[in-house]
Amino acid sequence: MEFGSIIKTAEETKVSIALAFPDVYEVGMSYLGFKILYHILNAQPGVAAERTYAPWVDMEAKMRENSLPLTSLETMKALNKFDFVGFTLQYELSYSNILNMLDLGGITMLATERTEDDPLVIAGGPCVFNPEPLADFIDFFIVGEGEEVMVEVMDLYKKWKNEGKPGGRKEFLERVVQIPGIYVPSFYKVDYLEKETQGIPAGCVKSVTTVNSLAPTAVQKRIINDLNTIDYPTKPIVPYGEIVHDRIMLEIFRGCSRGCRFCHAGMVYRPVRERKPEVLKKLARQLVDNTGYNEMSLVSLSTADYSCLEPLIHDLINEFKEEKVSVSLPSLRIDSFSVGLAKEVQAVRKSGLTFAPEAGSQHMRDVINKGVTKEDLMNAVGAAFENGWSQVKLYFMLGLPGETDEDILAIAELAKAVQGKYKEVTGKGGAKVTVSVASFVPKPYTPFQWVGQNRLEEINRKQMLLKDALKIKNITYQYHDSITSVIEGVFARGDRRLGKALYLAWQRGAKFDGWSEHFSYDRWVQAISDAGLDKDFYATRERAEAEVFPWEHIQPGVSRQFLWNEYEKSKTGTLTDDCRHGDCTGCGVCPALDAKIIDWKSSVL
Amino acid sequence: MKLRMQITKEAGIRFVSHLEYTRTIERAIRRAKLPVAYSEGFNPHIKFSLASALGVGITSQAEFVEIELAKEIDITVAVEKLTEALPMGIHIKAADVVGSKTPKLMAIASGADYYVRIPCFGDCLEQLQRFNSAESVLFQKPIPKGRGKTKEIQVKDFIKKVEYDYSNKELELRFACKITTTGSMKATELLKILRDQFSVPLILEQADIQRTDLYAVNDKGRKKMLIGN
Ligand code: SF4
C-alpha cells in the first residue's frame with residue numbers, strides 16, 4: 001500500500017465507505033476532492049474510507065473470467081460489502097464506468113431494486129448540479145462541498161446502525177434527507193409535458209414534485225463558509241507510480257466570480273473564499289515534510305486572482321529553496337503580471353506558456369464575458385517572449401452562441417498576431433504557437449443553459465474551416481473529438497429518462513467513454529434512440545425562457561434570473577464585472593447560502 | 001560521504017517499475033530529511049543511485065541504494081529516519097557509510113542470485129540436467145530499444161548451472177547470474193530458454209522470481225558483499 005494510505009481494522013470500523021472514482025487509478029488519484037474526502041472521513045473515529053478505481057479493460061476481462069469482484073485497494077473488500085459506495089462525478093463521460101463498477105462490485109444496479117444487503121450508493125462532485133441521468137442508480141447525492149456534510153451522514157449512519165437499523169434503507173433515506181445538501185432522487189417525481197404548452201415543446205419537464213413529505217422542494221448546495229476553519233489533507237497518499245498530477249496540490253481558494261458565461265465551475269462554486277496566506281504557508285510546510293514531493297502546485301479555479309499571490313509565492317520560494325521544492329501555477333491569466341509570476345516560478349519555464357483567450361474575436365470574447373482584449377494578449381505574450389519563452393499554447397472554444405465564420409477565422413488571426421509579436425520582440429521568426437480547440441458544450445446553471453449546442457456537422461465544418469486557416473508554419477492545430485461532446489452535451493442537460501439510455505449503452509459495452517479508443521458514438525446514439533429519446537432534444541435544441549429544467553430542484557445558489565440576464569447581456573456583448581473586488585452583481589449566491597466573499601487583500605495591507 | 005543500503009522490493013509492490021521504485025525511494029529520502037547532496041543545474045535532483053535495475057514483477061531481498069550526503073550523519077539515525085519514511089514493501093536490511101571516492105555500487109556489482117518458484121506440469125529433471133551439462137547454450141537476446149532486433153549471447157557465460165527441486169508440479173530453481181560491464185541476463189530469459197530450448201514444461205506467466213543477493217566478485221572468483229565489509 002502506498003505511503004500515506006490508511007487501513008483500519010475491522011474492530012476500528014463502525015462505518016465503511018468505498019470512495020469510488022470512475023476512471024483509472026492514475027487519473028483518479030489526481031483529484032483533490034477525492035483526497036480531501038479520504039482524509040476527512042478517515043480522520044473520523046469509526047469511519048473507514050477506502051479507495052477503488054475502474055479497472056482497465058484487460059484487468060476487467062481477467063476479473064470477469066475468474067469471477068473476481070471489484071474491491072477496495074486498502075482491505076481488498078468487495079464493493080458490495082461496504083456500508084457506502086461513494087462515486088465522484090467529475091465528467092459526464094464517466095457515467096458508464098459507474099454502472100460498470102457497480103456491476104463488477106456485485107451491487108444491484110437499480111436503486112429501487114437494492115436490498116438491505118446492498119450498500120448505499122451515493123455520489124457527489126461537480127456533475128451533481130444535474131444528477132438526473134443517474135437518478136435510477138444512486139440512492140442519494142451530496143450536493144456541494146463535502147467536508148461537513150459527509151461527516152454528518154456518517155454520524156447519522158452510526159447512530160442508525162447502533163439502533164439496529166430500524167426501518168431499513170427506506171428509513172435511513174428518510175433520516176438522511178433531512179440533512180441539508182442531501183438529494184434523494186426517489187423522493188421526487190418528474191412529470192413531462194404531453195403536448196406543446198405556451199411555446200414549450202412536448203417532452204419538457206412539466207413539474208418536479210416531492211413524493212415524500214420529508215424531502216425539501218429544492219436541495220441547496222452545502223459550502224464551507226470559511227476554508228481556514230477546516231482540515232486539509234496534509235498527509236496525502238504518495239503513489240509509487242506516476243499519476244496525472246504527481247505533485248503537492250495546495251488549494252488556495254474556492255470559487256471564481258469572473259463570470260465567464262460558458263463556465264460551469266465559475267457559476268456553481270461561488271462565492272470566492274480564500275485561505276489565509278499564513279494558513280497556506282503552514283500547510284505547505286507540512287505537505288513538503290510529509291510527502292517528499294519536490295513540486296507544489298497552487299491550485300484554484302484561477303490562481304492568478306489570489307489576492308496575496310505575489311507575497312505568497314515569494315515566501316514559498318524562500319522557504320523551500322534549500323530543499324529544492326519548486327512552486328508551479330496551473331493556469332495563467334492573460335496579463336504581464338501573470339507572466340512575471342511564471343518567470344519567478346522557474347519550473348514552468350521548461351515548457352511553453354499557456355493562455356486561454358477562449359474566443360478569437362473581441363465580439364465573441366465579450367459574448368462569453370471573458371473580459372480580455374487582443375491588446376491584453378499581446379502584452380502577455382510580449383512579456384513572455386521578452387523573458388525568453390518561444391512557445392505559447394492558446395486555448396479556444398468552437399461553437400459558442402452566435403458564432404460566425406469570421407469569429408472562427410479571428411482565431412487564426414490571433415495566432416498569427418502572436419507570431420508577429422515574437423518577431424517584433426526578438427527580431428526573429430519561429431515562435432511556436434499551438435492552437436488547442438475544444439467544442440463548446442452548454443452546461444446547466446450557466447447563462448448558456450438555454451442555448452442549443454452546435455450540431456455535429458456544424459462543428460466538424462468549423463473545425464475544418466479553422467484547420468485550413470491555420471496551415472501556417474510553426475502553428476500546430478489541435479482539436480478534440482466532436483462526437484464525444486455531443487454525448488457529453490446530452491447528459492450535461494439531460495433528465496432522468498436518460499438513465500435507460502445509459503443502462504442500454506452500458507449493457508452493450510460502453511465504458512471508459514472519456515478515452516477515445518473506447519468511445520463509440522454509434523452505440524450511444526442507438527442507445528439513446530432505443531430508450532425512446534432524441535439526442536437533439538437535449539443537445540442542439542434552443543430552450544425556451546420559461547422552460548422548467550430537469551435540474552432546478554438542485555440549487556447551487558445562483559439565481560435563474562441572474563443567469564437569464566447574463567444570457568440576455570451576452571447577446572449584445574455587454575460585460576459584467578467580477579464581484580470579487582467590485583460591487584456585488586447580484587448572482588444571488590451569497591444571500592442564498594448566507595455566505596460572503598473572503599479575500600485577504602485588505603487584511604494584509 | 002555516501003550512505004549505502006541494502007533494501008527490499010517485496011511482493012506487494014512487485015509490479016512497480018524500476019523508474020517508479022527509484023522515484024519512491026527519492027521521495028522517502030526527502031521525507032526522511034537526510035542531508036543529501038543535489039546535482040547542479042536547472043532541475044536539481046538528489047544524488048543517489050541504485051546498483052542494478054530489477055525487472056517488473058520480480059521481488060528482491062537485495063536492492064542496493066547509494067546516497068551522496070552533503071553532511072556527516074549518524075548511520076543509526078539515518079536508518080531510523082528512512083525506515084519511518086519508506087512505504088510498505090521496502091525495508092532496510094543493511095547499511096553502511098563510505099567515503100565519496102569509493103567506487104559506485106553500480107560499477108562493482110558483478111553477480112546476482114535468484115530463487116524461482118514456478119508451476120511445471122511434467123518431467124523436467126533430465127532436461128535441467130542437460131542444461132547444466134551443456135557446454136554452450138545460445139540465446140537471441142532482444143536489444144533494449146532495438147525495435148525487435150536481437151543479439152546472440154552465450155548463456156553459459158552468465159549462468160553456469162541451476163540447482164533445482166521438483167515436487168507437486170512446482171519447480172524451485174536457484175541460480176547465480178553474472179553481471180558484466182557489457183550486460184547480464186534476466187531471470188525471465190533463463191526460464192524462457194529452459195522452456196523453449198530444453199522443453200521444460202513451465203508456465204512462465206506464473207513464475208515467482210526473487211533476487212536473493214547481489215554482490216561483487218573478487219579476483220579469486222569469491223563472492224564479496226557489496227556493503228558492510
Ligand atoms: S452574490 Fe454578489 S458578491 Fe456574492 S458571489 Fe454573487 S455576485 Fe458575487
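Model, not experiment: these values are computed from the prediction.

### Focus on the overall build of chain A
Part 1: Summing up its helical and strand segments, chain A has 21 helices and 19 strands in all.
Part 2: Relative to the globule expectation of 25 Å for 605 residues, the C-alpha radius of gyration of chain A, 24 Å, shows essentially globular dimensions.
Part 3: For chain A, the spread of C-alpha atoms along the principal axes amounts to about 75 × 65 × 50 Å.
Part 4: Within chain A, buried positions represent 59% of all 605 residues.
Part 5: When the accessible surface of chain A is totalled, it reaches about 23,500 Å², and 51% of it is carbon and sulfur.

### Quick word on the UniProt feature "domain: DUF2344" (unreviewed entry) in chain B
Part 1: Mapped onto the present numbering, the UniProt feature "domain: DUF2344" (unreviewed entry) falls at residues 2–181 of chain B.
Part 2: In residues 2–181 of chain B, the share of helix is 24% and the share of strand is 34%. The end C-alpha atoms are 22 Å apart.

### Some details on empty space enclosed by the protein
Residue and element names in this part refer to chain A.
Part 1: According to the stated counting rule, one finds seven cavities of 30 Å³ or more in the structure shown.
Part 2: Taken as a whole, the largest cavity encloses approximately 70 Å³ of empty space.
Part 3: Every residue along the wall of the largest cavity is listed here: L32, K35, Y232, P233, P236, R247, I248, M249, L287, T291 and Y293.
Part 4: Those elements that place two or more of their residues in the lining of the largest cavity are α2 (32–42), β10 (248–251) and α8 (277–291).
Part 5: Each pocket or cavity is described by its volume, and for the second largest cavity that value is around 60 Å³.
Part 6: What lines the second largest cavity is a set of 13 residues, and nearest its centre among them are D495, F537, R543, E547 and P550.

### Looking at the sheet that holds strand β14 (residues 326–328) of chain A
All names here are of chain A.
Part 1: As summarised here, the arrangement of the three strands in space is β10-β13-β14, forming an open sheet in which the pairing is parallel. Of all strands in the sheet, those bounded by a partner on one side alone are β10 and β14. Taken pair by pair, the neighbouring strands of this sheet meet at an average axis angle of 30°, ignoring direction.
Part 2: Two elements, strand β13 (residues 295–299) and β14, share three bridges in a ladder whose sense is parallel.

### Observations concerning the domain arrangement of chain B
All names here are of chain B.
Part 1: Structurally, chain B comprises domain 1 (2–107) and domain 2 (111–225).
Part 2: Distance from the C-alpha centre of domain 1 to the C-alpha centre of domain 2: 27 Å.
Part 3: Taken together, the twelve residues of domain 1 in the interface contact seven residues of domain 2.
Part 4: Summed over the shared surface of domain 1 and domain 2, the number is two salt bridges.
Part 5: Note that R14 and D208 form a salt bridge whose closest N and O atoms lie 2.9 Å from each other.
Part 6: Looking at the side of domain 1 that touches domain 2 residue by residue, the class counts come to six nonpolar, four polar and two charged.

### Details of the interface of chain A and chain B
Part 1: Taken together, the contact pairs 23 residues of chain A with 19 residues of chain B.
Part 2: It is A:F3, A:Y240 and A:K324 that lose the most area in chain A upon contact with chain B, and together they represent 38% of the buried surface on that side.
Part 3: Where chain A packs against chain B, one counts three salt bridges.
Part 4: Between B:R27 and A:D246 there is a salt bridge, and its shortest N-O distance comes to 3.0 Å.
Part 5: Our count for the contact surface shared by chain A and chain B stands at eight residue pairs in polar contact (both at pLDDT 80 or more).
Part 6: Grouping the constituent residues of the side of chain A that touches chain B by class yields eight nonpolar, six polar and nine charged.

### A few points about unusual backbone geometry
As a rule of thumb, non-glycine residues mostly have phi less than zero, and peptide bonds are mostly trans rather than cis.
Residues and elements named next belong to chain A.
Part 1: The omega torsion of the bond from R270 to P271 falls at -10°, within 30 degrees of zero and hence cis.
Part 2: Residue position: P271 is located in the loop between α7 (264–268) and β12 (273–274).
Part 3: Positioned with a positive phi, S67 is a non-glycine residue whose angle comes to about 50°.
Part 4: One non-glycine residue with positive phi stands out, namely K165, at about 50°.
Part 5: Relative accessible area serves as the criterion here: at 33%, K165 is assigned to the partly exposed category.

### Re the sheet that holds strand β5 (residues 140–142) of chain A
Backbone-to-backbone hydrogen bonds pair the strands of a sheet. The strands run either parallel or antiparallel.
Residue and element names in this part refer to chain A.
Part 1: Pairing is mixed in the open sheet, where six strands are placed in the order β2-β1-β3-β4-β5-β6. In the strand order of this sheet, the two ends are held by β2 (47–53) and β6 (182–183), each with one partner.
Part 2: Running at roughly 160° to strand β3 (residues 84–88), helix α4 (residues 95–104) makes contact with β1 (15–21), β2, β3 and β4 (120–124) of the sheet.

### Regarding the nonpolar core
All names here are of chain A.
Part 1: In this structure, I17, F84, F140, V153, F172 and V176 are the most contacted members of the largest nonpolar core, which totals 123 residues.
Part 2: Top contributing element to this core by residue count: helix α5 (residues 146–162), with seven residues.
Part 3: Those residues in contact with F140 that lie beyond four places of it in its chain are F84, V121, I122, A123, V153, F172, L173, V176, I182, Y183, V184 and P185.
Part 4: Listed in part, the 72 residues of the second largest apolar core include Y293, V325, V339 and V437.

### A few points about helix α13 (residues 405–426) of chain A
All names here are of chain A.
Part 1: Here α13 spans 32 Å end to end across 22 residues, near enough to the 32 Å set by a 1.5 Å rise per residue.
Part 2: If you check which residues of α13 are buried, you get D407, I408, A410, I411, A412, L414, A415, A417, V418, Q419, K421 and Y422.
Part 3: A positive backbone phi angle near 80° is found at G427, which sits one or two residues after α13.

### Focus: the pairing of β1(A)
All names here are of chain A.
Part 1: With seven of seven residues buried, β1 lies mostly within the body of the structure.
Part 2: Every second residue of β1 is oriented toward a common face, with V15, I17, L19 and F21 on one face and S16, A18 and A20 on the other, all of them buried.
Part 3: Relative to β2, β1 runs parallel, the two being bridged by seven bridges. Considered in β2, the bridge of A18 is made with E50.

### Examining the pattern of salt bridges
Residue and element names in this part refer to chain A.
Part 1: Evaluation of the coordinates by the stated rule reveals 64 salt bridges over all chains.
Part 2: The salt bridge involving R461 is made with D405; its shortest N-O contact spans 2.9 Å. Here the residue R461 occupies a position in helix α14 (residues 456–469), and D405 occupies one in helix α13, the gap between them amounting to 56 residues.
Part 3: By relative accessible area, R461 is classed as partly exposed at 36%.
Part 4: Between D536 and K535 there is a salt bridge; the shortest N-O distance is 3.7 Å.

### Brief notes about the packing of aromatic side chains
Between two aromatic rings, the relevant description is the distance of the centres plus the angle of the planes.
Part 1: Under the definition given, this model contains 32 aromatic pairs over all chains.
Part 2: Ring centres 5.2 Å apart and planes at 75° place the aromatic pair A:Y25 and A:Y53 in the edge-to-face group. Placement of the pair is A:Y25 in helix α1 (residues 25–28) and A:Y53 in strand β2, with a sequence separation of 28 residues.
Part 3: Classification of A:Y53 as buried rests on a relative accessible area of 6%.
Part 4: By the ring-pair criterion, three or more aromatic residues cluster together here, those being A:F440, A:F448, A:W450, A:F549, A:W551, A:W564 and A:Y567.
Part 5: Over the ring of A:F537 we find A:R541, and its NZ or CZ is 4.3 Å from the ring centre.
Part 6: Between B:K156 and the ring centre of B:F131, over which it is positioned, the NZ or CZ distance is 4.6 Å.

### Details of the layout of surface pockets
To locate leftover empty space, one rolls a probe as large as a water molecule over the atoms.
Part 1: The volume enclosed by the second largest pocket comes to roughly 1,400 Å³.
Part 2: Taken together, 31 residues form the lining of the second largest pocket, with A:Y25, A:E26, A:M59, A:L73 and B:F15 sitting closest to its centre.
Part 3: Counting residues per element, the lining of the second largest pocket draws most heavily on helix α3 (residues 57–65) of chain A, at four residues.
Part 4: Along the lines of polarity and charge, the residues of the lining of the second largest pocket split into 19 nonpolar, six polar and six charged.

### Side note on helix α10 (residues 336–344) of chain A
Residues and elements named next belong to chain A.
Part 1: Here α10 has its buried residues at S338, V339, L341 and A342. Buried residues of α10 fall within an arc of 160° about the axis and therefore sit on the same side.
Part 2: As for α10, its buried residues are in contact with α9 (309–320), β15 (353–358) and α12 (374–386).

Cut-offs and rules
- Residues numbered from 1 in each chain as written.
- Chains lettered and ligands numbered in written order.
- Predicted model: local features only at pLDDT ≥ 70, side-chain atom pairs only at ≥ 80, totals over all residues.
- Heavy atoms only, no water.
- Helix = DSSP H or I, 4+ residues; strand = E, 2+ residues; numbered from the N terminus.
- Rg over C-alpha atoms; globule rule 2.2 N^0.38 Å.
- Buried < 20%, exposed > 50% of the residue type's maximum accessible area, 1.4 Å probe, protein only.
- Areas by Shrake-Rupley, 256 points an atom, 1.4 Å probe, with all protein chains shown as cover.
- UniProt positions renumbered as here; feature names shortened; annotations may be inferred.
- 1 Å grid on protein atoms, 1.4 Å probe; cavity = no way out; pocket = protein on both sides within 12 Å on 5 of 7 lines; lining within 4 Å.
- Points joined across faces, edges and corners; volume = space filled by probe spheres on them.
- Pairing = 2+ DSSP bridges.
- Axes fitted to C-alpha atoms, helices over the stretch in contact; angles between N-to-C directions.
- Domains from an automatic or database assignment.
- Contact = heavy atoms within 4.5 Å.
- Salt bridge = Lys/Arg side-chain N within 4 Å of Asp/Glu carboxyl O.
- Nonpolar A, V, L, I, M, F, W, Y, C, P; charged D, E, K, R; others polar.
- Buried area = accessible area lost by both parts, 1.4 Å probe.
- Polar contact = N/O pair within 3.5 Å; in protein donor to acceptor, adjacent residues only side chain to side chain.
- Core = buried A, V, L, I, M, F, W, Y, C linked by side-chain atoms within 4.5 Å.
- Expected span 1.5 Å × (residues − 1).
- Phe/Tyr/Trp six-rings, centres within 6.5 Å; stacked < 30°, edge-to-face > 60°.
- Lys NZ or Arg CZ within 6 Å of the ring centre and 35° of its normal.
- Arc of directions from axis to C-beta.

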